[in-house]
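What follows is the residue order along each chain.
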2 protein chains.
Amino acid sequence: MRTLHHFSLQPQSRRIRIQLREKKLDAELVAEKPWERRDGLLRLNPAGETPVLAEEGGLIVAGCYAIGEYLEEAYAENPLLGADPAARAETRRLVAWFDDKFEREVTRNLLHEKLLRRLYGQGGPDSGAIRAGKANIKIHLDYISWLTERRNWLGGNSFSLADIAAAAQLSVIDYLGDVDWESHGDAKNWYARVKSRPSFRAILADTWPGTQPPPHYADLDF
Amino acid sequence: MRTLHHFSLQPQSRRIRIQLREKKLDAELVAEKPWERRDGLLRLNPAGETPVLAEEGGLIVAGCYAIGEYLEEAYAENPLLGADPAARAETRRLVAWFDDKFEREVTRNLLHEKLLRRLYGQGGPDSGAIRAGKANIKIHLDYISWLTERRNWLGGNSFSLADIAAAAQLSVIDYLGDVDWESHGDAKNWYARVKSRPSFRAILADTWPGTQPPPHYADLDF
């Protein structure tokens, strides 16, 4: 059986779980706590990070960049990158936007400060970083609204890895209660469409001990 | 003519310049100063970041993830990702290692603090960050040595995007004079082999006003 080593509150792990479901590929989930630096995880990925995919034949694919591209190369059905070079370039531009820029400007300031810092034994949260994260997210929600006013999905006419990368990041921030959906109607409508896809269901059912999501989090008509 | 918008001291821009040369693809270089947020660059890439590739036919590919994959898909000759799924997974794992982990642990602490902070108008350097960057680079040089004791190149038997991503990062830190090559002989031997490739020549000839590289920087027998 295919296995995915993941951490349920990590956007990059969520991104691969959603991609697997969109491609109708089953995987057994192994929950990792990367801050524990478990030997078994370090052997699979010397960076000690999730996600790591282990295929039944023994192939190990480590990291969301390698896994994301591998799944598209190995399983042609339900393609998520786009059909032509322009579509693929646009999908990948936006995947990097959310995986790198959103991660750096929003997720590190909120998920890291509010939750991961404690788990990694790095002390209490930095309130300045939390303020920066809450300010930065508005620019990203505006950008999502701008894109969805012009396109059916973020990368173009088809649902793609761009939507998955964006929704994976936002879902974690939404879990923390830090997304002001009411001020960003178009972004909210787009997210409601992503949320209602079967590939998103398992993500929304996950909870993290000691941190409960707000009531609207798993509600498809939020 | 193909055009590459780049910033000569940015590892991600260097990575694409080297990849283009390895694939024998010509490109006219347009030097950008991303901190100036030039309208023309923002139109090509809303993130305002280099590198951006503009193909003669009008296709725009923004960001090193999208460009790196695009060049491998569009130009099959001189492949740099590896032939089979395992080789490709290993190449991409290492590209992410250097583009994300090395960037976060070393380059942001050294290039950003010593040079970019001033250019972005963010004040003087943080000496704690510089100390952290200098400590962290040792772990990465040890890892390069460990890999090259076991393999011909970082990702396996063939020169690949993994070598390019690693050397692009290291070349910038070496420009700043912060690589202790003498304590890391195997990493040094690997870097000397990368440096002697024709694809690296133009990179080593670049200088940045007000910051001179150490004497060994462009020396192939350093």
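## Let's talk about the overall build of chain A
Across its full length, chain A carries eight helices and four strands. The order of helices and strands in chain A, counted from the N terminus, is β-α-β-α-β-β-α-α-α-α-α-α. In terms of overall size, chain A behaves like a compact globule, its C-alpha atoms giving a radius of gyration of 17 Å where 222 residues would be expected to give roughly 17 Å. When its C-alpha atoms are laid out on the principal axes, chain A stretches across 50 × 45 × 30 Å. Taking all 222 residues of chain A together, the buried fraction comes to 57%.

## Comments concerning the relation of the copies chain A and chain B
These two copies of the chain differ by a rotation about an axis and a displacement along the same axis. Note on the copies: chain A fits chain B at an RMSD of 0.0 Å, the axial shift is 0.0 Å, and the rotation between them is 180°. Such a combination of rotation and displacement between the chain copies is what one expects of a two-fold axis. Here 100% of the contact residues of chain A are again contact residues in chain B; the copies associate through an equivalent surface.

## A few points about the domain arrangement of chain A
Residues and elements named next belong to chain A. By domain assignment, chain A separates into domain 1 (3–74) and domain 2 (85–204). When each unit is reduced to the centre of its C-alpha atoms, the spacing between domain 1 and domain 2 is 20 Å. With 17 residues of domain 1 at the interface, the matching set in domain 2 holds 24 residues. Taking both partners together, domain 1 and domain 2 bury about 1900 Å²; carbon and sulfur atoms supply 67% of that area. Where domain 1 packs against domain 2, one counts three salt bridges. Between Glu69 and Arg92 there is a salt bridge, with its nearest N and O atoms 2.9 Å apart. Our enumeration of links across domain 1 and domain 2 arrives at six residue pairs in polar contact (both at pLDDT 80 or more). Of all the elements in the fold, those that place two or more residues in the side of domain 1 that touches domain 2 are helix H1 (11–22) and helix H3 (64–74). Per-element tally for the side of domain 1 that touches domain 2: the top contributor is H1, with nine residues. Looking at side-chain class alone, the side of domain 1 that touches domain 2 contains seven nonpolar, three polar and seven charged residues.

## Here's the deal with the interface of chain A and chain B
Where interface size is quoted, it is often the accessible area lost as the parts come together. Chain A puts 26 residues into the contact, and the matching count from chain B is 26 residues. At the boundary of chain A with chain B, total buried surface from both sides reaches about 2200 Å², with 61% on carbon and sulfur atoms. Counting the contacts that link chain A with chain B gives six salt bridges. Between Arg88(A) and Glu73(B) there is a salt bridge, with the nearest N and O atoms lying 2.7 Å from each other.

## Examining the sheet that holds strand S3 (residues 52–54) of chain B
Residue and element names in this part refer to chain B. Strand order across the open sheet formed by four strands is S2-S1-S3-S4, with mixed pairing between neighbours. The two strands at the open ends of the sheet, each matched to only one other strand, are strand S2 (28–31) and strand S4 (60–62). Between one strand axis and the next, the sheet turns through 20° on average, direction left out of account. Note that strand S1 (residues 3–6) and S2 share four bridges and pair parallel. Counterpart to Thr3 in the pairing with S2 is Glu28.

## Here's the deal with the environment of His112(B)
Residue and element names in this part refer to chain B. By the secondary structure assignment, His112 is in helix H4 (residues 85–119). The class for His112 is partly exposed, based on a relative accessible area of 23%. Between the C-alpha atoms of His112 and Asp126, which are 14 residues apart in sequence, the distance is 9.7 Å. Ignoring sequence-local partners within four residues, the contact set of His112 consists of Thr107, Arg117 and Gln122. Reaching out from His112, the side chain makes a polar contact with the side chain of Gln122 at a distance of 3.1 Å.

## So, the side chain of Arg14(A)
Residue and element names in this part refer to chain A. Mapped onto the elements of the fold, Arg14 is located in helix H1. For the buried Arg14, no salt bridge exists, and the shortest N-O distance to an oppositely charged side chain is 5.1 Å, to Asp206. Sequence-distant contacts of Arg14, defined by excluding residues within four places in its chain, comprise Ser8, Leu9, Ala168, Ser171, Val172, Ile203 and Tyr217.

## Considerations on the pattern of salt bridges
Residue and element names in this part refer to chain A. Going through the model one piece at a time under the given rule, you end up with 40 salt bridges over all chains. Among the ionic pairs, Glu90 bridges to Arg151, the shortest N-O distance being 2.9 Å. Here Glu90, found in helix H4 (residues 85–119), pairs with Arg151, found in the loop between helix H5 (127–150) and helix H6 (161–175); they are 61 residues apart in sequence, far enough to count as distant. On the basis of relative accessible area, Arg151 is assigned to the partly exposed category, the value being 25%. The residue Lys114 makes a salt bridge to Asp178 at a minimum N-O spacing of 2.6 Å. With Lys114 in helix H4 and Asp178 in the loop between H6 and helix H7 (185–195), this pair connects stretches of sequence that are 64 residues apart.

## Description of the packing of aromatic side chains
Residue and element names in this part refer to chain A. As enumerated under the stated definition, the model contains 31 aromatic pairs over all chains in all. Between Trp35 and Tyr120, the aromatic rings sit 5.9 Å apart at their centres with planes inclined by 65°, giving edge-to-face as the arrangement. Of this pair, Trp35 sits in the loop between strand S2 (28–31) and helix H2 (39–44) while Tyr120 sits in the loop between H4 and H5, and the two are 85 residues apart along the sequence. Given the relative accessible area of 37%, Tyr120 is considered partly exposed. Through a chain of ring-to-ring contacts, the aromatic side chains of Trp181, Trp190, Tyr191, Phe200 and Phe222 assemble into a single cluster.

Conventions and cut-offs
- Residues numbered from 1 in each chain as written.
- Chains lettered and ligands numbered in written order.
- Predicted model: local features only at pLDDT ≥ 70, side-chain atom pairs only at ≥ 80, totals over all residues.
- Heavy atoms only, no water.
- Helix = DSSP H or I, 4+ residues; strand = E, 2+ residues; numbered from the N terminus.
- Rg over C-alpha atoms; globule rule 2.2 N^0.38 Å.
- Buried < 20%, exposed > 50% of the residue type's maximum accessible area, 1.4 Å probe, protein only.
- Least-squares fit on C-alpha atoms with pLDDT ≥ 70 in both.
- Contact = heavy atoms within 4.5 Å.
- Domains from an automatic or database assignment.
- Buried area = accessible area lost by both parts, 1.4 Å probe.
- Salt bridge = Lys/Arg side-chain N within 4 Å of Asp/Glu carboxyl O.
- Polar contact = N/O pair within 3.5 Å; in protein donor to acceptor, adjacent residues only side chain to side chain.
- Nonpolar A, V, L, I, M, F, W, Y, C, P; charged D, E, K, R; others polar.
- Pairing = 2+ DSSP bridges.
- Axes fitted to C-alpha atoms, helices over the stretch in contact; angles between N-to-C directions.
- Lys, Arg positive; Asp, Glu negative; His and termini not counted.
- Phe/Tyr/Trp six-rings, centres within 6.5 Å; stacked < 30°, edge-to-face > 60°.

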